[in-house]
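As a plain string of letters, each chain reads:
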Amino acid sequence: MKAARTTEVDDDLWSAIGDPTRRRMLDLLLIAGDATATTLSRQMPVTRQAVAKHLGVLDRVGLVRATPAGREKRYRVHDAQLARAAAQLASVGSAWDARLQRIKRIAEAIQRTQQN
Amino acid sequence: MEFGTIEREIYVEASPEIVFEVVSSPEHVRNWWPDDARYDPTPGSTGEIVFGDRDAGGTVVPFTVIDARAPRTFSFRWTQPAGQPAAPGNSLLVTFDLTPSGGGTLLKMTETGFREMGWEVAVLEQQYQEHATGWDFYLPRLVPYAASLRVRP
């Protein structure tokens, strides 16, 4: 049950990152340190409402953390969760490293046999 | 930030012709990746690769050859939903580029499509990676097998 729940959360996390507008927002947040929907919308070709909606998605999967700032919320990137997303993709990379090592060994064994 | 593409390069002390065979033909592919591979290594051909035992809860994954130009390029798409044609947005694209270098081959692999495909594929890969650690154990058996392949005419 716990495993299924984790997978569910991971699906949401990935689709949150999968959207180019949200990735751009994460980039801007990383550069600025923190921002509100209003300040982010000034730097992007989308409305404040759209930015607020995207921030809500990022907040639900834990990629950003919100603190109250007057009538708005101020958002920061949650580094640990972002690192987790990156690590998941890195594990795919290391699976390919292992496959390529096997390709190398197989091909080199064939080459040696042909030369002998 | 780039979350979409994996790129790897490895030098292989074997001719591009041999490396091309190893990365493209199903009988070799099942020795470095899935437990079973069934497809015709020609462009447009669709088949499948299988992780685990097909008849005992194994995972059957669609596999479509995109490009096959010996001994330079082999590319395929995988993980598209069964019964759907493989296309950008529903599958991962793996490309092998082979370049002659010294007496051997520089093999470059790229896998793209993670942005479109989502998290479940990464999870599938991770599960496979756990499964694949067994390869270190089985590899000593594999090399003599690989060496015997070219004895045939």
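Given the structure is predicted, the values throughout are model-derived calculations rather than measurements.

Definitions and limits used
Along each chain, residues carry numbers from 1 onward, in the same order as the chain's sequence is written. Each chain gets a letter, beginning with A, and each ligand a number, beginning with 1, in the order they are written. The predicted nature of this model means local features are confined to residues of pLDDT at least 70 and side-chain atom pairs, given and counted, to a pLDDT of 80 or more, with totals for whole chains, interfaces and linings taken over all residues. Numbering of helices and strands runs from the N terminus, with a helix taken as a DSSP run of H or I at least four residues long and a strand as a DSSP run of E at least two residues long. Exposure in this text rests on C-beta crowding, where 20 or more other C-beta atoms within 10 Å of a residue's own make it buried, 12 or fewer make it exposed, and counts in between make it partly exposed. The C-beta atoms are placed from the backbone. For the purpose of contact definition, each residue receives a C-beta atom placed from its backbone, and two residues are in contact when these atoms lie within 7 Å. As used throughout, a nonpolar core is a set of buried Ala, Val, Leu, Ile, Met, Phe, Trp, Tyr and Cys residues joined through C-beta atoms within 7 Å of each other. In this description, a line fitted to the C-alpha atoms serves as the axis of each element, helices being fitted only across the stretch in contact, and the angle between N-to-C directions of two axes falls anywhere from 0 to 180 degrees. Put simply, angles under 35 degrees are roughly parallel, angles over 145 are roughly antiparallel, angles from 65 to 115 are roughly perpendicular, and the rest are oblique. Note that Gly is not counted as nonpolar here; it falls among the polar residues with everything else outside the nonpolar set of Ala, Val, Leu, Ile, Met, Phe, Trp, Tyr, Cys and Pro and the charged set of Asp, Glu, Lys and Arg. Two strands make a pair as long as DSSP finds a minimum of two bridges between them.

Asker: Which parts of the structure should I look at to understand the overall build of chain B?
Answerer: In terms of helices and strands, chain B carries 5 helices and 7 strands. In sequence order, the secondary structure elements of chain B are arranged as β-α-α-β-β-β-β-β-β-α-α-α. Relative to its 153 residues, chain B shows a buried fraction of 31%. Across chain B, the fraction of contacts at a sequence separation of at least 24, relative to all contacts at a separation of at least 6, is 38%.

Asker: Explain the nonpolar core to me, please; I cannot follow it from the model alone.
Answerer: Side chains that are nonpolar tend, in soluble globular proteins, to be buried together. Ranked by size, the top nonpolar core spans 32 residues in total, and within it Ile103(A), Ile106(A), Ala107(A), Val19(B), Val22(B), Val23(B) and Leu107(B) carry the most contacts. Those elements giving two or more residues to this core turn out to be helix 5 (79-115) of chain A together with strand 1 (5-12), helix 1 (16-24), helix 2 (26-32), strand 4 (59-69), strand 5 (73-78) and strand 6 (92-101) of chain B. If you tally residues by element for this core, the top one is helix 5 of chain A, at 8 residues. Setting aside residues up to four positions removed in sequence, Val19(B) forms contacts with Ala107(A), Val12(B), Ala14(B), Leu98(B), Thr105(B) and Leu107(B). Membership of the second largest hydrophobic core comes to 19 residues, among which are Leu40(A), Val61(A), Leu63(A) and Val64(A).

Asker: Sorry, what's going on with the packing of helix 2 (residues 20-32) of chain A against helix 4 (residues 48-60) of chain A here?
Answerer: A packed helix pair is summarised by two numbers, namely the angle formed by the two axes and the spacing between the axes. All names here are of chain A. Closest axis-to-axis distance for the helix 2/helix 4 pair is 10 Å, and the angle between their directions is 85°. When the interaxial angle is binned, helix 2 and helix 4 end up roughly perpendicular. Contacts between helix 2 and helix 4 involve Thr21, Arg22 and Met25 on the former and, on the latter, Val51, His54, Val57 and Leu58. Looking at side-chain class alone, the contact of helix 2 with helix 4 contains 4 nonpolar, 2 polar and 1 charged residues.

Asker: Would you mind showing me how to read the environment of Leu29(A) here?
Answerer: All names here are of chain A. Relative to the elements of secondary structure, Leu29 occurs in helix 2. Between the C-alpha atoms of Leu29 and Val77, which are 48 residues apart in sequence, the distance is 6.4 Å. If we ignore the near neighbours within four places in the chain, the residues touching Leu29 are Asp34, Ala35, Val64, Tyr75, Arg76 and Val77.

Asker: What is the right way to read the pairing of strand 3 (residues 46-51) of chain B from this model?
Answerer: Residues in a regular strand point their side chains to alternate faces of the sheet. All names here are of chain B. Relative to strand 3, strand 2 (residues 36-38) runs antiparallel, the two being bridged by 3 bridges. Bridge assignment links Asp36 to a residue of strand 3, and that residue is Val50. Pairing geometry for strand 3 and strand 4, over 6 bridges, is antiparallel. Bridging from a neighbouring strand, Gly47 pairs with Phe63 of strand 4.

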